[in-house]
Amino acid sequence: MKRTVKFSLVFALACLLGGVALMQMPAATAAAPPTPWFWLATTVLGLLAVQSIRWVAALDGPRIYGLLTAALFGLWVVYFWQLLVVAFEVPRVLLPPPALIVQSMATHGPTLWGDFVQTVLKAVLVGWALGSGLGFAVAVAIDRLPFLQRGLLPIASLTSTIPLVAVAPIAVMWFGFDWPSKAAVVVLMTFFPMLVSTLAGLKASGKLERELMYSYAASYTRTLLALRLPAALPFMFGALKVNATLALIGGIVAEFFGSPTTGLGFRISTEASRMNMPLVWGAIVVAAVTGSVMYAVLVQLERRAAFWHPSVRED
Amino acid sequence: MPFAKRWPMVTMTNLALSHRLTQFRSQGLPVVVILLALLVAWYLGAWWLNAPGAIERVMPSDAPWTWQDLLISTLSMERPLLPAPHQVALDFWSSLVDWPLSSPRNLLFHVAVTAESTLWGFGLGTALGLLLSVCIVHSRTLDRALLPWIVASQTVPVLAIAPIVLVILGSLGFSGVAPKAVIAMYLCFFPVTVAMVQGLRSPQRMETEMMHTYAASNWQALWLLRLPAALPFLFPALRVGIAAGLVGAMVAELPTGAVAGLGARLLTGSYYGNTIQIWSALVMSALLGLALTSGVALIERLVLRNRSQP
């Protein structure tokens, strides 16, 4: 049978509608114990869902089909998570159903917002900006001092193997329990990747271009601003993207070591010890969405700033 | 003529020596200078940070004292804000020498605990990542449905799930190494999978076509072409993975009552305000991180020693 694009998409949609229908059965909402019919319907739906994903994945064409496949897969995973966790009556401590997580996020909205402000807007953003900015500034400052570069570069590269987040207890001692100590940890974690990447980026401009600037009698500053910094942009954005994830990890994990009574890391560790798992999952959803949004924003910025670079230009 | 015979050799040694000297001047000397500067800065910082506390608590308030007294007391306080390097070094050394290996006061005991779970997690995570990447490369469905999620997970602080893993495994009755290894495992798993998918796809079309003309099966193409081609991608991911796994294992030691392990040692140090202990544990975890990564780098050099540098 020759499958068309339309057929695959309609089939996938029909499976989703079947899923909605199955959700209406009493067993899906824990209103009644699951019947054999329910299990049969679930198995059939599972097989159909797998088949629909396979067919959508087989589509050739624009990039949107790839994203569609991933979205469809994610949707079905969440769907069966909800369905099976409720039907099997899995204890909430082990795995709460997604609906409960969403509900918990809604009821604890103000708490989670406070945690978001405390961890992301204060500790992570401040630390990320300061750490990346410092790394950039130091890299530009030692650009004309090869001796310092040769000394700092090996040390800076080695720091990636060291669990830097372990300085959190010391940061708490120096800067107190509140967000400045977390920001300090984030600064330390983000400084070195930015330093290493900027130094590498400043060396990335081609010999031809540098000689052209030389033949224009361009000064050092002029060459830096017009050629070498723009050429370093892709490297710097790479570090900024890595740092965004590192900063979130640092901000959250530093709170495991001691924090005031707010913050995403504090919420995750205390609510986990109180076995309030839906709220823990809610805090993780907030952290995950934050990480993805930060990354997406940086990708967009990079497309604007380094629009000439081959990796951006290709499509 | 013994002298004339030996003369060229002497020149050779001189040449080699001078070569080594220039190499040290260009590579080793800057690092040594920076490290010395850091050491001096550390001492100055210790003096500057500890001085207020020392004036308040250690120095006699009724008798006069000189700045030499202050300097000595800031560098030998019992609970300083920033311990001086020699204090950390002494505590580090005494914890290694003065206590048996089985004692929780010996740092090596904690290193063993943390390294065990890190290595278990690293091994399992790498195996899982290899398996999944092979599946992804051979299945279009997995490639388009699963891989985007794994790539996206790189932008998410997955380490935050650690407390959930601890609770789940704890309520299933697992304790000790298992939960820590699981956390280290999933942290290693993501980078290995992403890099291996990239690496397994790195052979060029001509090479895969040649395998095809040899009538090689998928397995043979995997074993003879794709896996060897993926190795240069694998090892950087392994270095990232083992460092992430170490952080994961240390974080996993925090909420479990802080019994053993470097993370627990850090936490007990901060509970009791024992700063010197925190710093020794910090130095030890840095050394463990370096040792684990250089272990991976050593394996990399052994495995890839016959490859020419690209």
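Just so you know, these numbers come straight off a predicted model, no measurement behind them.

(A) Geometry of the overall build of chain A. For chain A, the count of helices and strands is 13 helices and zero strands. Starting at the N terminus, the α and β elements of chain A follow one another as α-α-α-α-α-α-α-α-α-α-α-α-α. Over its C-alpha atoms chain A spans a radius of gyration of 25 Å, topping by over 25% the 20 Å that the globule rule assigns to 315 residues. Once the C-alpha set of chain A is aligned to its principal axes, its extents read approximately 80 × 60 × 30 Å.

(B) Examining the interface of chain B and chain A more closely. At the interface, 46 residues of chain B touch 52 residues of chain A. Elements with a minimum of two residues in the side of chain B that touches chain A: helix H1 (2-57), helix H5 (140-145), helix H6 (147-152), helix H7 (162-171), helix H10 (218-252), helix H11 (262-271) and helix H12 (275-303) of chain B. When residues of the side of chain B that touches chain A are assigned to their parent elements, the largest contribution, eight residues, is made by H12(B). When grouped by side-chain class, the residues that make up the side of chain B that touches chain A number 32 nonpolar, twelve polar and two charged.

(C) Region of interest: the packing of helix H11 (residues 264-273) of chain A against H7(B). H7(B) packs onto H11(A) with a crossing angle of 10° between their chain directions and a minimal axis gap of 9 Å. By the angle between their directions, the pair H11(A) and H7(B) is classed as roughly parallel. Residues Ile268(A), Ser269(A) and Ala272(A) of H11(A) pack against Pro163(B), Ile164(B) and Val167(B) of H7(B). Its residues placed into classes, the contact of H11(A) with H7(B) shows five nonpolar, one polar and no charged.

(D) Structural context of helix H1 (residues 5-23) of chain A. Residues and elements named next belong to chain A. The first and last C-alpha atoms of H1 sit 28 Å apart over 19 residues, in line with the 27 Å expected at 1.5 Å per residue. Where H1 is concerned, the buried positions are Ser8, Ala12, Cys15 and Gly19. The arc that holds the buried residues of H1, viewed along the axis, is 55°, so those residues lie on one side. Relative to its buried face, H1 has exposed residues pointing more than 90 degrees away, namely Lys6, Phe7, Val10, Leu13, Ala14, Leu17, Val20 and Ala21. Among the structural elements, helix H2 (36-57) and helix H3 (64-87) are those in contact with the buried residues of H1.

(E) Up close: unusual backbone geometry. Here Met275(A), not a glycine, exhibits a phi torsion of approximately 65°, which is positive. Turning to its location among the elements, Met275(A) is positioned in the loop between H11 and helix H12 (277-305). Phi is positive for Ala215(B), which is not a glycine, with a value near 60°. When you line up the elements, Ala215(B) lands in the loop between helix H9 (205-213) and H10.

(F) Quick look at the packing of helix H10 (residues 220-256) of chain A against H12(A). All names here are of chain A. For the pair H10 and H12, the least separation of the axes is 10 Å and the interaxial angle reads 165°. The angle between H10 and H12 places the two elements in the roughly antiparallel class. Where H10 crosses over H12, the two elements pack in a sense that is right-handed. Of H12, the residues touching H10 (which contributes Leu233, Phe237, Leu240, Lys241, Ala244, Thr245, Leu248 and Ile252) are Ala287, Thr290, Gly291, Met294, Tyr295, Leu298, Glu302 and Ala305. Of the residues in the contact of H10 with H12, the class split is eleven nonpolar, three polar and two charged.

(G) Layout of the environment of Tyr186(B). Considering the arrangement of structural elements, one finds Tyr186(B) in helix H8 (residues 177-200). Tyr186(B) sits in the buried class, given 22 other C-beta atoms within 10 Å.

(H) Highlighting the domain arrangement of chain A. Considered domain by domain, chain A is made up of domain 1 (5-90) and domain 2 (106-313). Taking the mean C-alpha position of each, domain 1 of chain A and domain 2 of chain A sit 39 Å from one another.

Reading the values: rules and limits
- Numbering of residues begins from 1 in every chain and follows the order in which that chain's sequence is written.
- To label them, take the chains in the order written and letter them from A, then take the ligands in the order written and number them from 1.
- Residue-level local features of this predicted model are given only where pLDDT is at least 70; pairs of side-chain atoms are given and counted only at 80 or more, and the full residue set underlies all totals for whole chains, interfaces and linings.
- Helix numbering and strand numbering both begin at the N terminus, where a helix is a DSSP run of H or I of at least 4 residues and a strand a DSSP run of E of at least 2.
- With C-alpha atoms as the basis for the radius of gyration, the globule rule is written as 2.2 Å multiplied by the number of residues raised to the power 0.38.
- The contact criterion used is a C-beta to C-beta distance within 7 Å, with each C-beta placed from the backbone.
- Here the term charged refers only to Asp, Glu, Lys and Arg, the term nonpolar to Ala, Val, Leu, Ile, Met, Phe, Trp, Tyr, Cys and Pro, and the term polar to all other amino acids, Gly among them.
- Geometry is summarised by axes, namely lines fitted to C-alpha atoms with helices restricted to the contacting stretch, and by angles between N-to-C directions that run from 0 to 180 degrees.
- Under this scheme an angle from 65 to 115 degrees is roughly perpendicular, one under 35 degrees roughly parallel, and one over 145 degrees roughly antiparallel; angles in between are oblique.
- In this scheme, a helix's expected span is set at 1.5 Å multiplied by one less than its residue total.
- Note on burial: count the other C-beta atoms lying within 10 Å of the residue's C-beta; 20 or more is buried, 12 or fewer is exposed, in between is partly exposed, and C-beta positions come from the backbone.
- What the arc covers is the set of directions going from the helix axis to the C-beta atoms.
- Should the near helix be turned anticlockwise from the far one by less than a right angle, the crossing is left-handed, and should it be turned clockwise, the crossing is right-handed.
- Domain start and end points were adopted from an automatic or database domain assignment.

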